[in-house]
Amino acid sequence: MTAKPRTREVVMGRHVQARDVRVWTEQVGDGPDVLLIGGLGDTVESWQFQLDGLADRYRITAFDNRGAGRTARPPGELTLAAIADDAAAVLDSLDIDSAHVAGFSGGSLIAQELALRHPHRVRSLVLQSTFAAADEYMRTQFRALHWQAELAPGPREFLEGFFTWVYTPRAHNDGTVARFIDEVMVFPYPQGTEDFRAFADACLAHDARGRLGGISVPTLVLAGGADALTRPDLGRAVAAEIPGALFEVMDGEAHQPFQEVPEAWNARVHAFWQDTGRQSADPGRG
């Protein structure tokens, strides 16, 4: 789901050619490769706490999805499979054979497709706030988002309403969300309503049920215990289909704990990636 872009004084990025689209990509750090994939309307900036907090241990690559930020959406239907192919093409452009892949919300769906369509490119998966297919409750939520995007008096008012679904009451009450919205409002590459709706429709069309068993890499599924959009039971169902997947609930957290409690989130995924690396180095494990 849409995350606040965080403004930065220094931008270290460039467009790379990924099949039929030029994808804005940024890379920081040094170490094992990590690919971060954002969700609905999300850009590189949504991962700022990870770009800042993990670059001392990993070489981290992130990109703007089609129709978000500095990456245009080509004519025609937008599909998550196409963005998964974009992600593989970004790795090709940067001469990265494979990477630990982490995605949240819509980005976690893209990560699922990447692991299924290009399994040799994925060393491990972290799926935050994920689902295999939308149920009727979620479809109703998305329909509400559609008309909210159309009828809100302005972008700030839309975000104020939408972010009640995304962040905890804690973040609203302590001013964190207000600061996030201020940052979105000055971001120079806002997403248009049609691009927003196209990505939302792509998420609703996603259905990986019966296919997730084809994912063979180590997988960590994380859910926010207070997430009203991608509820913990939806993440649990994803983990149940992926052989050997770990499932954990971050109690009290909502849709985007990697932004609200980045230190805790970074520590957990770092531990997972370290353990994955040890398993890869020791063929007698796992």
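First, a word on scope: everything that follows refers to the structure included in this document. Model, not experiment: these values are computed from the prediction.

1. A closer look at unusual backbone geometry
- With phi around 60°, Asp95 is a residue other than glycine that occupies positive phi space.
- Tracing the backbone through its elements, the reader meets Asp95 in the loop between α2 (80–93) and β5 (99–104).
- Residue class for Asp95 comes out exposed when judged on its relative accessible area of 68%.
- Phi angles above zero are rare outside glycine, and Ser129 is one such case at about 55°.

2. With respect to the environment of Glu150
- Summarising the element assignment, Glu150 is placed in helix α4 (residues 136–151).
- The sequence separation of Glu150 and Gly244 amounts to 94 residues, and the corresponding C-alpha distance is 42 Å.
- Ignoring any residue separated from it by four or fewer positions in sequence, one finds Glu150 in contact with Thr193, Glu194 and Arg197.
- Only 2.6 Å separates the side chain of Glu150 from the side chain of Arg197, close enough to count as a polar contact.

3. Overview of the nonpolar core
- In this structure, Leu35, Ile37, Val101, Leu114, Leu125, Phe163 and Phe199 are the most contacted members of the largest nonpolar core, which totals 65 residues.
- For this core, the element with the most residues is α2, which contributes eight residues.
- Residues Trp24, Tyr58, Val126 and Trp265 belong to the second largest nonpolar core, which totals 21 residues.

4. Some points on helix α5 (residues 155–166)
- When the terminal C-alpha atoms of α5 are compared, their 16 Å separation across twelve residues agrees well with the 16 Å that a helix rising 1.5 Å per residue should span.
- Listed in full, the buried residues belonging to α5 are Phe158, Leu159, Phe162, Phe163 and Val166. Looking down the long axis of α5, one finds its buried residues gathered within 120° of arc, a one-sided arrangement.
- Next to the buried residues of α5 lie α4, α6 (169–173), α7 (176–185), α8 (193–205) and α10 (257–260).

5. Considerations on the sheet that holds strand β2 (residues 21–29)
- Read from one edge to the other, the open sheet built from eight strands follows the order β1-β2-β4-β3-β5-β6-β7-β8, with strand pairing classed as mixed. Of all strands in the sheet, those bounded by a partner on one side alone are β1 (13–18) and β8 (246–250). The average undirected angle you get between the axes of adjacent strands in this sheet is 25°.
- Note that strand β6 (residues 122–128) and strand β7 (residues 219–224) share four bridges and pair parallel. Looking at the pairing, Gln128 lines up with Leu222 of β7.
- Helix α9 (residues 232–241) contacts β6, β7 and β8 of the sheet and is inclined by roughly 165° relative to β8.

6. Things to note about the pairing of β7
- Counted residue by residue, β7 has six buried out of six residues, so it is predominantly covered.
- Burial along β7 is two-sided: Thr219, Val221 and Ala223 facing one way and Leu220, Leu222 and Gly224 facing the other are all buried.
- As defined by bridge partners, β7 adjoins β8 across five bridges and the pair is classed as parallel. Bridge pairing in β8 links Leu220 to Leu246.
- Taken together, β7, α9 and β8 constitute a β-α-β crossover, and its handedness is right-handed.

Reading the values: the criteria
- Residues numbered from 1 in each chain as written.
- Predicted model: local features only at pLDDT ≥ 70, side-chain atom pairs only at ≥ 80, totals over all residues.
- Heavy atoms only, no water.
- Helix = DSSP H or I, 4+ residues; strand = E, 2+ residues; numbered from the N terminus.
- Buried < 20%, exposed > 50% of the residue type's maximum accessible area, 1.4 Å probe, protein only.
- Contact = heavy atoms within 4.5 Å.
- Polar contact = N/O pair within 3.5 Å; in protein donor to acceptor, adjacent residues only side chain to side chain.
- Core = buried A, V, L, I, M, F, W, Y, C linked by side-chain atoms within 4.5 Å.
- Expected span 1.5 Å × (residues − 1).
- Arc of directions from axis to C-beta.
- Pairing = 2+ DSSP bridges.
- Axes fitted to C-alpha atoms, helices over the stretch in contact; angles between N-to-C directions.
- Right-handed = clockwise from strand over helix to strand, strands pointing away.

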